[in-house]
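Close look at the chain arrangement
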Amino acid sequence: GKATTFRPLSENTVADYVQSVSHLAKRLGGSKQDWAVKEVGDGNLNFVYIVTGASGSFVLKQALPYVRCVGDSWPLSLERAYFEVTALQEHGKHCPEHVPEVYHFDHPMALFAMRYLAPPHIILRKGLIAGTKYPLLAEHMSDYMARTLFNTSLLATSTTEHKAAVAKFCGNVELCRLTEQVVFTEPYMIASNNHWTTPQLDEDAKSIREDDYLKLEIASLKSKFCEKSQALIHGDLHTGSVMVTQESTQVIDPEFAFYGPMGFDIGAFLGNLALAYFSQDGHTSDNSNRDEYKEWILKVLQDTWNLFKEKFLLLWTDKSQRMGDAYPAGVYTSLETHKLAQKIYLRDLFEDTLGFAGAKMISRRIVGIAHVEDFESIENPELRSQCERRALNFAKDLLKTRSKLASIEEVIQLIRKV
Ligand code: ADP
Ligand code: SR1
Ligand code: MG
Ligand code: MG
Ligand code: MG
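Since the structure is predicted, the reported quantities are computational estimates derived from the model, not experimental observations.

Bringing the side chain of Gln 280 into the picture now. Position of Gln 280 relative to the elements: it lies in the loop between helix H10 (262–279) and helix H11 (291–317). At a separation of 3.1 Å, a polar atom in the side chain of Gln 280 contacts the main-chain carbonyl oxygen of Leu 128. A polar contact is formed between the side chain of Gln 280 and the backbone oxygen of Ala 276, at a distance of 3.2 Å.

Written out as structure tokens, the structure is:
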């Protein structure tokens, strides 16, 4: 029967577990002997199994009480599975087109089952490394971010609802603290988790640890990350958390979800696009010219922000959607005040977005603990470090000049200048 205490599964025991949950077994069809189980987890934290039967399939994801890529020396709460499921369901309510459906949740086992995103779905980061274009990417990601962020903010909800939701997600403190540690703290000090392409980037890493102005920018972003309960954010929205085909875009892996600043999600996505851009020169060994592809990445970056802004404002302008306590209709009666409020809100959000984009790029991805395949797959360390240095310099510029950047087009100009 169903377990009531935690037990880690393996490829060998998943089928027994599934057999004990009749609605899951039914989804697969046939019986246990016909089911195929394959562990495919390539993330840093969890175990992911694809389970297929005669007439159906699903993905089963289980959290273990530690960080997978480090081992049991770094314990991590099993409750992350609960927060991941809760966020998938909440975001799925607002944006079912871009969030996989959850079929099953077993709280004591810290596991859940969801829709299997079958091939040709591929992790976006891998598609970007391969040089594949996704024509609907900006349209879909702007849709996902505008709807999930707007609808979980005080622009759409009452303070009663909002406070209850904030309180619930405060329980995800261990994952928030992991981000505080690896994004906002360790890259700016000597820490055993840090690593980089050495010796090429030794001086670059040192200059980050000695840049007082940069550290103060990071301190204010860290405060914002910890204090600003603006919306239910995904919390780990890099290009490894998005699966794509030419027609479909699906956002997975919101285990870091909590009520935080919207700019942390938008910045994570845009920052990771910028990392993909700077890594392209390391992926020309197949003699493919990536110049046109680099332009496409910049276009996605630009379109994603501009479409996000347009869609977010459209939601805010629609009276039937504007039920939140932040701007009571009785107070903001004139169209002019309403427009001014929107302008200021989006201006602040843009600045947060650029700050978090820079912080994410620097931190884990170049000098911190968790690097990205975009750069790691460049075998030649000279070439890799040149790409990484440009990304690092852009990120630093972004952090320091963001308050003066008036549009995403100016950000693109900055990228081109590095
Ligand atoms: P982690 O939390 O460890 O990062 P992820 O949720 O990112 O785990 O999943 C790890 C990998 O498993 C993904 O990169 C993807 O290849 C695969 N995966 C996860 N969810 C699905 C899904 N619903 N359908 C197909 N593959 C999936
Ligand atoms: C131990 S740091 C692991 C990183 O991988 C997760 O997906 C998050 O991005 C986290 O920062
Ligand atoms: Mg992941
Ligand atoms: Mg749509
Ligand atoms: Mg994860």
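A few words now on the packing of H10 against helix H14 (residues 381–401). At a closest axis distance of 8 Å, the pairing of H10 and H14 adopts a crossing angle of 145 degrees. The hand of the H10/H14 crossing is right-handed. Along the contact surface, H10 presents Ala 274, Leu 275, Phe 278 and Ser 279, while H14 presents Cys 387, Arg 390, Ala 391 and Phe 394. Grouping the constituent residues of the contact of H10 with H14 by class yields six nonpolar, one polar and one charged.

All right, on to the site of ligand 1 then. Of all residues adjacent to ligand 1, which total 17 residues, the nearest are Asp 42, Asn 46, Lys 61, Leu 117 and Glu 255. Between Asp 42 and ligand 1, the recorded distance is 2.6 Å, taken from a side-chain N or O atom to an oxygen atom. Its free accessible area being 550 Å², ligand 1 has 92% of it covered by the protein chains. For the shell around ligand 1, a count of residues per class yields nine nonpolar, three polar and five charged. Both domain 1 (14–114) and domain 2 (122–417) contribute no fewer than three residues apiece to the shell around ligand 1.

This part is about the environment of Leu 398. Tracing the sequence through the fold places Leu 398 in helix H14. Each C-alpha atom of the pair Leu 398 and Leu 346 lies 18 Å from the other, and the pair is 52 residues apart in sequence. Beyond its immediate sequence surroundings of up to four residues, Leu 398 is in contact with Leu 354, Ala 357, Gly 358, Leu 405, Val 411 and Leu 414.

Once that is clear, we can look at the pattern of salt bridges. Throughout the structure, instances matching the rule amount to 24 salt bridges. The shortest N-O distance in the salt bridge between Lys 93 and Glu 90 comes to 3.0 Å. One end of the pair, Lys 93, and the other, Glu 90, are both in helix H3 (residues 80–94), three residues apart, so they sit about a helical turn from each other. Residue Lys 93 is classed as exposed on the basis of its relative accessible area of 58%. Residues Arg 147 and Glu 97 are paired through a salt bridge, measuring 2.8 Å at the closest nitrogen-oxygen approach. Linking Arg 147 in helix H5 (residues 137–151) with Glu 97 in the loop between H3 and strand S6 (102–106), this pair joins segments that are 50 residues apart in sequence.

Moving on to unusual backbone geometry. In this structure, the amide linkage connecting Pro 119 to the following residue, Pro 120, adopts the cis form with an omega of 10 degrees. Looking at the element boundaries, Pro 120 is found in the loop between strand S7 (111–114) and strand S8 (122–123). That bond from Thr 198 to Pro 199 is cis: its omega, 10 degrees, falls within 30 degrees of zero. Residue position: Pro 199 is located in the loop between helix H7 (173–185) and helix H8 (202–209). Notably, Ala 110 is not glycine yet its phi reads approximately 50 degrees, a positive angle. Topologically, Ala 110 is positioned in the loop between S6 and S7. Assessed through its relative accessible area of 1%, Ala 110 is described here as buried. Phi is positive for Asp 253, close to 65 degrees, though the residue is something other than glycine.

Here the protein is partitioned into domain 1 (14–114) and domain 2 (122–417). Relative placement of domain 1 and domain 2: their C-alpha centres are 26 Å apart. Listed by partner, the interface residues are 27 residues for domain 1 and 32 residues for domain 2. With both sides pooled, the region where domain 1 packs onto domain 2 buries about 2,400 Å², and carbon together with sulfur makes up 64% of that total. Together, Phe 83, His 91 and His 98 form the three largest contributors to the area buried by domain 1 at its contact with domain 2, with a combined 30%. Linking domain 1 with domain 2 are three salt bridges. Across the contact surface, domain 1 and domain 2 share 11 residue pairs in polar contact (both at pLDDT 80 or more). Of all the secondary-structure elements, those providing two or more residues to the side of domain 1 that touches domain 2 are strand S5 (71–75) and H3.

Criteria and thresholds
Numbering of residues begins from 1 in every chain and follows the order in which that chain's sequence is written. As they are written, the chains are lettered A onward and the ligands numbered 1 onward, keeping that order. Local features in a predicted model are, by the rule used here, given only for residues with pLDDT of at least 70; side-chain atom pairs are given and counted only at 80 or more, and totals for whole chains, interfaces and linings are based on all residues. To get the side-chain values, all heavy atoms of the structure are used, and hydrogens and water are removed first. A helix here means a DSSP run of H or I that spans at least four residues, while a strand means a run of E at least two residues long, and both kinds are numbered starting from the N terminus. Counting of polar contacts relies on pairs of N or O atoms within 3.5 Å, with two restrictions inside protein: one atom must be capable of donating a hydrogen and the other of accepting it, and residues adjacent in sequence are counted only when both atoms are side-chain atoms. To obtain each axis, a line is fitted to C-alpha atoms, and for helices this fit is confined to the stretch in contact; angles are then taken between N-to-C directions over 0 to 180 degrees. A clockwise turn of the near helix away from the far one marks a right-handed crossing, whereas an anticlockwise turn of less than a right angle marks a left-handed crossing. In this description, contact between two residues means that some pair of their heavy atoms is separated by no more than 4.5 Å. Here the nonpolar group is Ala, Val, Leu, Ile, Met, Phe, Trp, Tyr, Cys and Pro; Asp, Glu, Lys and Arg are the charged ones; every other residue, Gly included, is treated as polar. In these notes, residues near a molecule or strand are those with any non-hydrogen atom within 4 Å of it. Here, Shrake-Rupley sampling with a 1.4 Å probe gives the accessible areas, and only protein chains in the shown set may cover a residue. The split of the chain into domains comes from an automatic or database domain assignment. Take a side-chain nitrogen of Lys or Arg and a carboxyl oxygen of Asp or Glu: if they are within 4 Å of each other, that pair is a salt bridge. Only protein chains enter the accessibility calculation, which uses a 1.4 Å probe; a residue whose area is less than 20% of its type maximum is buried, one above 50% is exposed, and one in between is partly exposed. For any pair of parts, buried area is found by adding up, for both, the accessible area (1.4 Å probe) each one loses once the two are put together.

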